[in-house]
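Chain and residue survey
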Amino acid sequence: GGAIPLDYKIKIMATTKIDICARALVMIGAQPITSFTDGSTEALVANNIYEDIAQSSLCRHRWRFATNQKQISLLAAAPEGRFDYAYQMPTDPIVLQINSITVNNYVIPYTRYKNMIYVNGYGSNSELIMDYIYRVGEEFFPPHFILALEYELASIFAGSVARDSAMIKQFKELAERQFLVSKNIDSAETTTKVLDTNRFINLRRSTRTDV
């Protein structure tokens, strides 16, 4: 049991968007990329589609690894009409999908306008918590999701790089199956009870304000 030479040690590196695109390209028999600006056709395509596909994939499910919660801030200016209060959504990192707005762990009704949340009856005496899907960094992507994303990208590359319709269909089917597997794995990673959405009356009695 001597010491392992430094040049032999395995380094655990976070997966990057370049890694994901490179593996997806290899799947269709294309050349892997080393950057989004290496001058190749593969890099040009990857640079233009990656972010859209990544964000779209993150919106396919309430992924636990991409879920966050944050108290949102009441804005001084009230909405023009139909709503009492406006709250500012989180801006960094970007919110991709809202899961719920709660007060004292109760789900409340809301409407989204641009990057604001409009509500009735929950003003300065209430603390509104937003649960949401956000643009999480690739270093937090679990392996089961990475594989699904790679298959999804491969189906796009199959059309734009390989120009192979049969390959498009093949990788799209693989992506759909892997996303299903990924969703099942992700859904098992919580013991949190489903929020009760039928107790609005008790909530309003305890927290509603007209301030």
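Data block above holds the structure.
Read on for an overview of the structure. Not measured: the values here are computed from a predicted model.

For the rest of this paragraph, the subject is the sheet that holds strand β5 (residues 106–107). An order of β1-β8-β4-β5 is seen for the four strands of this open sheet, with the pairing classed as antiparallel. One side of each edge strand has no neighbouring strand; the edge strands of this open sheet are β1 (67–71) and β5. The pairing of strand β4 (residues 95–103) with strand β8 (residues 129–134) spans six bridges and is antiparallel. For Val95, the partnering residue across the bridge sits in β8 and is Tyr134.

Judged by pairing direction, the sheet is antiparallel, and its four strands sit side by side in the order β2-β3-β7-β6 without closing on themselves. Two strands close off the open sheet at either side, each with one partner strand: β2 (73–74) and β6 (111–113). When β6 meets strand β7 (residues 116–119), the two strands line up antiparallel, connected through three bridges. Each bridged residue has a counterpart across the sheet, and for Arg112 the counterpart in β7 is Ile117.

With 23 residues, helix α4 (residues 165–187) ought to run about 33 Å at 1.5 Å a step, and its terminal C-alpha atoms sit 33 Å apart, in line with that. Taken as a whole, α4 has its buried residues at Met167, Phe171, Ala175, Gln178, Phe179, Ser182 and Asp186. Structurally, α4 contributes buried residues whose contacts are with α1 (17–27), α2 (41–58) and α3 (143–160). At the N-terminal boundary of α4, the capping side chain belongs to Asp164, with an oxygen 3.1 Å from the backbone nitrogen of Ala166.

Where β2 lies against strand β3 (residues 85–88), two bridges are found, and the strand directions are antiparallel. Among the inter-strand pairings, Leu74 is bridged to a residue of β3, identified as Tyr87.

Going through the model one piece at a time under the given rule, you end up with eight salt bridges. Arg135 serves as the salt-bridge partner of Glu51, at 2.7 Å between the closest nitrogen and oxygen. One end of the pair, Glu51, is in helix α2; the other, Arg135, is in the loop between β8 and α3, with 84 residues separating them in the sequence. Of the charged contacts, one joins Glu176 and Lys172 as a salt bridge, the two residues approaching to 3.7 Å between their closest N and O atoms.

Now for the packing of α1 against α2. Running from N to C, α1 and α2 cross one another at 120°; their axes reach a closest spacing of 11 Å. Considering the angle they form, α1 stands oblique to α2. Note on packing geometry: the crossing formed by α1 with α2 is right-handed. Along the contact surface, α1 presents Lys17, Ile20, Cys21 and Leu25, while α2 presents Glu42, Ala46, Tyr50 and Glu51.

This paragraph deals with the packing of aromatic side chains. Counted according to the given criterion, the structure contains 12 aromatic pairs. With 5.7 Å between their ring centres and 40° between their planes, Trp63 and Phe65 make a pair best called tilted. For the pair Trp63 and Phe65, a shared accessibility class is recorded, and that class is buried. Ring centres of Tyr132 and Tyr134 lie 6.3 Å apart, and the angle between their planes is 70°; on these two criteria the pair is classed as edge-to-face. Of the aromatic side chains, those joined through ring pairs into one cluster are Trp63, Phe65, Phe141, Phe145 and Phe179.

Calculation notes
Residues numbered from 1 in each chain as written. Predicted model: local features only at pLDDT ≥ 70, side-chain atom pairs only at ≥ 80, totals over all residues. Heavy atoms only, no water. Pairing = 2+ DSSP bridges. Helix = DSSP H or I, 4+ residues; strand = E, 2+ residues; numbered from the N terminus. Expected span 1.5 Å × (residues − 1). Buried < 20%, exposed > 50% of the residue type's maximum accessible area, 1.4 Å probe, protein only. Contact = heavy atoms within 4.5 Å. Polar contact = N/O pair within 3.5 Å; in protein donor to acceptor, adjacent residues only side chain to side chain. Salt bridge = Lys/Arg side-chain N within 4 Å of Asp/Glu carboxyl O. Axes fitted to C-alpha atoms, helices over the stretch in contact; angles between N-to-C directions. Parallel < 35°, antiparallel > 145°, perpendicular 65-115°, else oblique. Left-handed = near helix turned anticlockwise from the far one by under 90°. Phe/Tyr/Trp six-rings, centres within 6.5 Å; stacked < 30°, edge-to-face > 60°.

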